[in-house]
Amino acid sequence: MIRGEKLYEGKAKIVYATDDPDVYIQDFKDSATAFDGQKKGTIGGKGRMNNAISSRLFTLLEGNGIATHYLGAESDTAMRIRRLDMFKVEFVVRNVAAGSLSKRIGYPEGTLLRKPPIVEYYYKDDALGDPLLCMAHLEELQVISPEHLEAATVAAKHINSVLRGFFAERELTLVDFKLEFGTDADGVVRLGDEISPDTCRFWDAATGEKLDKDRFRRDLGGVEEAYAEVLRRISD
Ligand code: UDP
């Protein structure tokens, strides 16, 4: 496919136009940031590994009847995706307390949630630092219609049940993860963005070892090895 104009460059990905207005190319980078861009670094091979992990997981979800933006492989580090109009909301799905939830409600990391999953909504607004939103805020902002919010929340829970089972079979606990949704040219709500150790917390089911971006965020070492281990466990 012909790689056209660069449309967007983020912390971990670049999106290019193609000769088809409804198809983009999403290229994964090795660079990594954390804490709102305050911490920067490079994770060797991350672009290739996140492309492979995301491609595998999008294919798994499509096989389970979940609509995604994934269209196919483009290169070692890139995939072809369907153009979506993205909602200005991030969906965080949680099974086990960690990260900001532990801080917010005082649960030690690793606490099992009473009725998993919890689905949280964050406002995609860099200037505001992507704040957590409650229902009243969502209604006030009108950044997503009630119907789209409902459809994406149902999809997020379905995605969680498919991924949790898939990872459990591979001795990985899916602690939490972030999803982004949008609508395609026909108005269908689809999962976009990526699903990778950059956007999920994975813990080894037996030892609790962290196999995700927390190794980078918290300077735990073995970052590349953790991403490679996740890729190894899901490659079958
Ligand atoms: N997450 C993400 N992008 C963000 C914020 C969070 O991919 O901008 C993911 C993160 O990797 C984790 C989950 O969403 O798997 C929940 O993150 P949390 O709210 O605990 O924030 P953090 O502790 O990462 O700041």
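To be clear, the structure that these remarks concern was listed above.
I will try to describe carefully the structure that is included in this document. (Residues numbered from 1 in each chain as written. Predicted model: local features only at pLDDT ≥ 70, side-chain atom pairs only at ≥ 80, totals over all residues. Heavy atoms only, no water.)

### Points about the nonpolar core
- By size, the foremost hydrophobic cluster in this structure holds 51 residues, and its most contacted members are Leu57, Phe91, Ile159, Leu163, Phe167, Leu179 and Phe181.
- For this core, the element with the highest residue contribution is helix 4 (residues 146-168), accounting for nine residues.
- Here Leu163 is in contact with Leu57, Leu60, Leu61, Leu174, Phe177 and Ile195, once residues within four sequence places are set aside. (Core = buried A, V, L, I, M, F, W, Y, C linked by side-chain atoms within 4.5 Å. Buried < 20%, exposed > 50% of the residue type's maximum accessible area, 1.4 Å probe, protein only. Helix = DSSP H or I, 4+ residues; strand = E, 2+ residues; numbered from the N terminus. Contact = heavy atoms within 4.5 Å.)

### Quick look at the side chain of Arg190
- Here Arg190 is to be found in strand 12 (residues 189-191).
- Given the relative accessible area of 13%, Arg190 is considered buried.
- Separated by 2.8 Å, the side chains of Arg190 and Asp184 make a polar contact. (Polar contact = N/O pair within 3.5 Å; in protein donor to acceptor, adjacent residues only side chain to side chain.)

### Some details on the pattern of salt bridges
- Here the structure, examined in full by the defined rule, presents 27 salt bridges.
- For Arg83, the salt bridge goes to Asp22, with nearest N and O atoms at 3.7 Å. Here the residue Arg83 occupies a position in the loop between strand 7 (78-82) and strand 8 (85-94), and Asp22 occupies one in the loop between strand 2 (13-17) and strand 3 (23-28), the gap between them amounting to 61 residues.
- Taking the relative accessible area as the measure of exposure, Arg83 reaches 23% and is therefore partly exposed.
- For Asp22, a relative accessible area of 34% corresponds to the partly exposed category.
- The partner of Glu74 in a salt bridge is Arg80, with the nearest N and O atoms 2.9 Å apart.
- According to the relative accessible area criterion, Glu74 is partly exposed, its value standing at 23%. (Salt bridge = Lys/Arg side-chain N within 4 Å of Asp/Glu carboxyl O.)

Spatial relationships are all this shows, so hold off on functional conclusions.
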